[in-house]
Amino acid sequence: MEPNDLTIPLLEDGPAKTVTFQLRDIKCASCVNSVESVVGTLNGVKSVAVSPLDGRAAIKFLPKLVTAKQIRESIEESGFGVDEVHEQDIVVCRVKIKGMACTSCSESLEYALQMVEGVKKAIVGLALEEAKVHFDPNLTNVDKIIEAIEDAGFGADPISSGNDANKVHLKLEGVHSAEDANVVMSSLELAVGVNHVEMDLSEHKFTVSYDPDITGPRSLIHCVQEASCGPKRYQATLYSPRQREKDKVNEIRMYRDQFLFSCLFSVPVFVFAMVLPMIPPYGNWLDYKLHNMLTLGLLLRWILSTPVQFIVGKRFYVGSYHALKRKSANMDVLVALGTNAAYFYSLYILIKALTSDTFEGQDFFETSSMLISFILLGKYLEIVAKGKTSDALGKLIQLVPDKAYLVEIDNDGNILTESAIDTQLVQKNDVIKIVPGAKIPVDGIVIKGKSYANESMITGEARPIDKGPGDKVISGTINENGCLLVKATHVGSDTALSQIVQLVETAQLAKAPVQKLADHISRVFVPIVVVAALITWLGWFILGEAGIYPKHWIPKEMDAFELALQFSISVLVVACPCALGLATPTAVMVASGMGASQGVLIKGGDALEKAHKVKIVVFDKTGTLTVGKPAVVSAVLFSEFSMEELCDTTIAVEASSEHPLAKAVVAHAKRLRQKFGFSKEEVPDVVDFEVHMGAGVSGKVGNRMVVVGNKRLMHACNVRICSEVEKYISENEILARTCVLVSIDGKIAGAFSVTDPVKPEAKRVISFLHSMGISSIIVTGDNRATASAIANEVGIDEVFAETDPVGKADKVKELQMRGVTVAMVGDGINDSPALVAADVGMAIGAGTDIAIEAADIVLVKSSLEDVVTAIDLSRKTMSRIRLNYIWALGYNILGMPIAAGVLYPFSGIRLPPWLAGACMAASSLSVLSSSLLLQFYKKPLHIESY
């Protein structure tokens, strides 16, 4: 374990920030170089640019590794003054949206948000019912964004903002006055590591921003307690200001209650209008005339339908008003038009019956009330089904245990004290005890104990992983059998599990290109439906009045106007823009959640859509097709030198190298010394050590000049390579092995043959990809002989060797010129340019790697089978999206003509408006149910771990 590993997040998706300083005393290029060299050495600083003209310095840095304050202090320590600090930052906030009905709503809300000054980008997810807004905090804030959403006619609750990661919310007890609050606030503000404190005196709540490397929630609570003085005692507890699950439950309950309330009135209306009149003895009382032609049944239907129309149906009026105010139209407009037409025509019938003793007409009060009830039932079932689309993600969130066992240990690792605390109170560098069978609460490093960890819920790896001192553990995974002491390195939102969840939630908001079809249709859908309904009414009414169709087509209780009105209302309410809007995002939500649960993190609908078109997969060799851990398979002598001399000199020189091959050679040389029982244990000193990039190392051991490296380095150092050595090199290259030659005083003393074993599943994965119609290519920086040997072993025909990182990206672009979609699979370190250049970049084994930013899809574990899983899941998802569009478009294409009465002349079949409303609800449910079937997705290829 390298010391720096403790500072590298297990899963990093944090963007870099840029800070600008105004510097004094910058007089020349020398001053610029001084500042750039000082700041450039800070861990976490990615780039430094200083202008010698105006003294402005722009520094790009990773806030998780270094802060703007630390950068400023380093500049001041180097002798330059800093007058001004201004962070150029874009903050991201997520907001829960209430009241969206269809794609038209989400599109108009996106437009409204983008009109707010300071908003750089806004994404609104219909299925997720969330908005993600990128804004400049210098120009606007979350409150203004919430205000813009509410002005557009939607409800809004903030979920998170970009600076929430290191905030803690405290509920205080014992604070009874402003004086008490000021005492506590002062105590918190003076605490080490606290950046900012906000107070809500009325609720006795404090929000504290802090530096997680210095302090944490537990220390802040202790700080509040220490502020107590005399008889006054202050206590603080954590509270969560966000209640997303509770909001979802309340929303479901609200729709259920509204539906049941509407049924209380609409069912009797339906019975009075459609059932009792069919049973003469029991329905005769409804025909009792109260005044003129006004019957008791008509009056009761009006009284019962009115609360449904104006109390329960108020949401449709409000939604229509805001939609029309935004100069758009949505489902609410269609429902409001349809129900109003039915209700107010029926009211006209009631007034005519009241004022005339000869008028006879058919009312449609049951149409308006039943229509609203069915739509509410559909919305209720839709909300319930939507909740299930994120079930897989919800299960990931629930993996973290509520409690953790905090321990204090002595220098020997013995436990001194132990206490159970809330997991949210764990801080960096705490030591946590993990008992057998318990879930691991934080990311950390094992400092004592041995066990096996079940990481299948995070990586999809079924085989338990051996854990011992120095090994990393991931929050949410299960400790199988032994007791472990773990030092916390990443807590809260910094853990791998939290970042996986954040990644998937972000992906679920990102629109797939195929969603554009629904967006284009939604813009014109409602106007087209309204025009179609008007044409339907005019067509049936005019043709009926003109006597063009037979009179017996008109039911005896109606006239031509009423029949035409029923057809037009049916057209209005049968059309369903909701199903179109849900077709893509619900499938993407389910698929991204299922992928995350199996160790495949898909960063949005765009990546998901492109992956299904992949025809060529480009593999890096080292760490991708191979294990990535070199091992020495043989060592030979070529001259009069002894094996002891070879091992001692090799260890002395290679011990100073950080190269993986060097480490493998040193480990093997040490094993040889033990095997042959060499007595001398100390390693000789090396002087004049030099690293030859890409070739090897050299140095003096005693009086001897030792060179360790490849054949190219030997030629450069004028070391003669005899035929015996050449033969040995050739034989090993054919076997995909690398030869590390060792020369002592200009003579080849021996060689080590190093290989990087091919992953056991590689051959089967390449074969499976071929069966899917996908060809595979190797692009590597290694020599051609080694690359060709690996290709032959796994079954790949096309190889591009000795290629640098930029060359890999160029090769990917060259393949794209053939007109095919190319995926790049790399270990995410030197493959970043190619990962970005590819249509789909897959970072394999990058669950712990910064290359997650470059990749479109992250395969958390190192198994190649997940390349197949990612492509297959993409294909299944796109197939499901196409099926959803068939359901949605097919339903509207068939439903609207039937509602308009196309079948009526031939079969007498017509669709009453209340039944048309039920069909509209069923269309959305059919799309949601289709998407939910993705929850049963199984990997096409499962290879047992070795």
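Residues numbered from 1 in each chain as written. Predicted model: local features only at pLDDT ≥ 70, side-chain atom pairs only at ≥ 80, totals over all residues. Heavy atoms only, no water.

## A word on the side chain of T624
And then number 1: One can find T624 in helix α20 (residues 621-625).
And then number 2: By relative accessible area, T624 is classed as buried at 0%.
And then number 3: Every residue in contact with T624, bar those within four places of it in the chain, is listed here: F619, K759, V825, G826, D827, I844 and L864. (Helix = DSSP H or I, 4+ residues; strand = E, 2+ residues; numbered from the N terminus. Buried < 20%, exposed > 50% of the residue type's maximum accessible area, 1.4 Å probe, protein only. Contact = heavy atoms within 4.5 Å.)

## A few points about a negative patch on the surface
And then number 1: A surface patch of like charges, here negative, comprises D143, E147, E150 and D151.
And then number 2: Among the secondary structure elements, D143 is positioned in helix α4 (residues 142-151).
And then number 3: Owing to a relative accessible area of 60%, D143 belongs among the exposed residues under this scheme. (Patch = residues over 30% accessible without salt bridge, like charges linked within 9 Å, V, L, I, M, F, W, Y side chains within 5 Å. Areas by Shrake-Rupley, 256 points an atom, 1.4 Å probe, with all protein chains shown as cover. Salt bridge = Lys/Arg side-chain N within 4 Å of Asp/Glu carboxyl O. Lys, Arg positive; Asp, Glu negative; His and termini not counted. Charge placed at Lys NZ, Arg CZ, Asp CG, Glu CD.)

## So, the packing of helix α16 (residues 515-545) against helix α18 (residues 577-597)
And then number 1: One way to put it is that α16 packs onto α18 with a least axis distance of 9 Å and a crossing angle of 165°. When the axes of α16 and α18 are compared, the pair comes out roughly antiparallel. For the element pair α16 and α18, the recorded crossing hand is left-handed. Where α16 approaches α18, its residues Q515, A518, I521 and F525 are matched on the opposing element by P577, L580, G581, T584 and P585.
And then number 2: Grouping the constituent residues of the contact of α16 with α18 by class yields six nonpolar, three polar and no charged. (Axes fitted to C-alpha atoms, helices over the stretch in contact; angles between N-to-C directions. Parallel < 35°, antiparallel > 145°, perpendicular 65-115°, else oblique. Left-handed = near helix turned anticlockwise from the far one by under 90°. Nonpolar A, V, L, I, M, F, W, Y, C, P; charged D, E, K, R; others polar.)

## Focus on the environment of D412
And then number 1: You can see D412 is positioned in the loop between β15 (403-409) and β16 (415-422).
And then number 2: On the basis of relative accessible area, D412 is assigned to the exposed category, the value being 63%.
And then number 3: Along the sequence, D412 and K448 sit 36 residues apart, while their C-alpha atoms lie 10.0 Å from each other.

## Here's the deal with the packing of aromatic side chains
And then number 1: Inspection of every chain in the model, using the stated rule, returns 20 aromatic pairs.
And then number 2: Here F567 and Y904 contribute two aromatic rings whose centre-to-centre distance is 5.7 Å and whose plane-to-plane angle is 65°, an arrangement assigned as edge-to-face. In this pair, F567 sits in helix α17 (residues 560-574) while Y904 sits in helix α30 (residues 904-907), placing the two residues 337 residues apart along the sequence. This pair shows no difference in class: F567 is buried, exactly as Y904 is.
And then number 3: Chaining the aromatic ring pairs together yields one cluster made of Y345, Y348, F364, W537, F541 and F561.
And then number 4: The positively charged end of R315 is found above the aromatic ring belonging to F316, 5.2 Å away from the centroid. (Phe/Tyr/Trp six-rings, centres within 6.5 Å; stacked < 30°, edge-to-face > 60°. Lys NZ or Arg CZ within 6 Å of the ring centre and 35° of its normal.)

## Thoughts on the pairing of strand β7 (residues 130-135)
Successive residues of a regular strand alternate their side chains across the two faces of the sheet.
And then number 1: Extensive coverage of β7 is indicated by the burial of six of its six residues.
And then number 2: Where burial is concerned, the two faces of β7 agree: the one with E130, K132 and H134 and the one with A131, V133 and F135 are both buried.
And then number 3: As paired strands, strand β5 (residues 91-98) and β7 are joined by six bridges and run antiparallel to one another. Bridge pairing links C93 to V133 in β7.
And then number 4: Alignment of strand β6 (residues 119-125) against β7, held across six bridges, turns out to be antiparallel. Of the residues in β7, the one forming a bridge with G125 is E130.
And then number 5: Linking two consecutive strands that pair antiparallel, namely β6 and β7, is a turn of four residues; a positive phi of about 55° is found at E129 within it. (Pairing = 2+ DSSP bridges.)

## Considerations on helix α10 (residues 314-325)
And then number 1: Here α10 spans 17 Å end to end across twelve residues, near enough to the 16 Å set by a 1.5 Å rise per residue.
And then number 2: Every buried residue of α10 is accounted for by F316, G319, S320, H322 and A323.
And then number 3: Positive backbone phi, approximately 60°, marks K327, located one or two places after α10. (Expected span 1.5 Å × (residues − 1).)

## Re empty space enclosed by the protein
And then number 1: The full count for this structure, using the stated rule, is five cavities of 30 Å³ or more.
And then number 2: Estimates place the volume of the second largest cavity at around 60 Å³.
And then number 3: Along its surface, the second largest cavity is lined by M331, I375, G378, K379, E382, C576, C578, M920, A921 and S924.
And then number 4: Elements represented by at least two residues in the lining of the second largest cavity include exactly α12 (365-389) and α31 (913-932).
And then number 5: Looking at side-chain class alone, the lining of the second largest cavity contains six nonpolar, two polar and two charged residues. (1 Å grid on protein atoms, 1.4 Å probe; cavity = no way out; pocket = protein on both sides within 12 Å on 5 of 7 lines; lining within 4 Å. Points joined across faces, edges and corners; volume = space filled by probe spheres on them.)

## A short note on the sheet that holds strand β19 (residues 451-454)
And then number 1: What the three strands build is an open sheet, ordered β20-β19-β22; its pairing is antiparallel. Each having just a single partner strand, β20 (465-467) and β22 (478-479) make up the two edges of the open sheet.
And then number 2: Alignment of β19 against β20, held across three bridges, turns out to be antiparallel. Across the sheet, residue Y452 finds its bridge partner in β20, namely D466.

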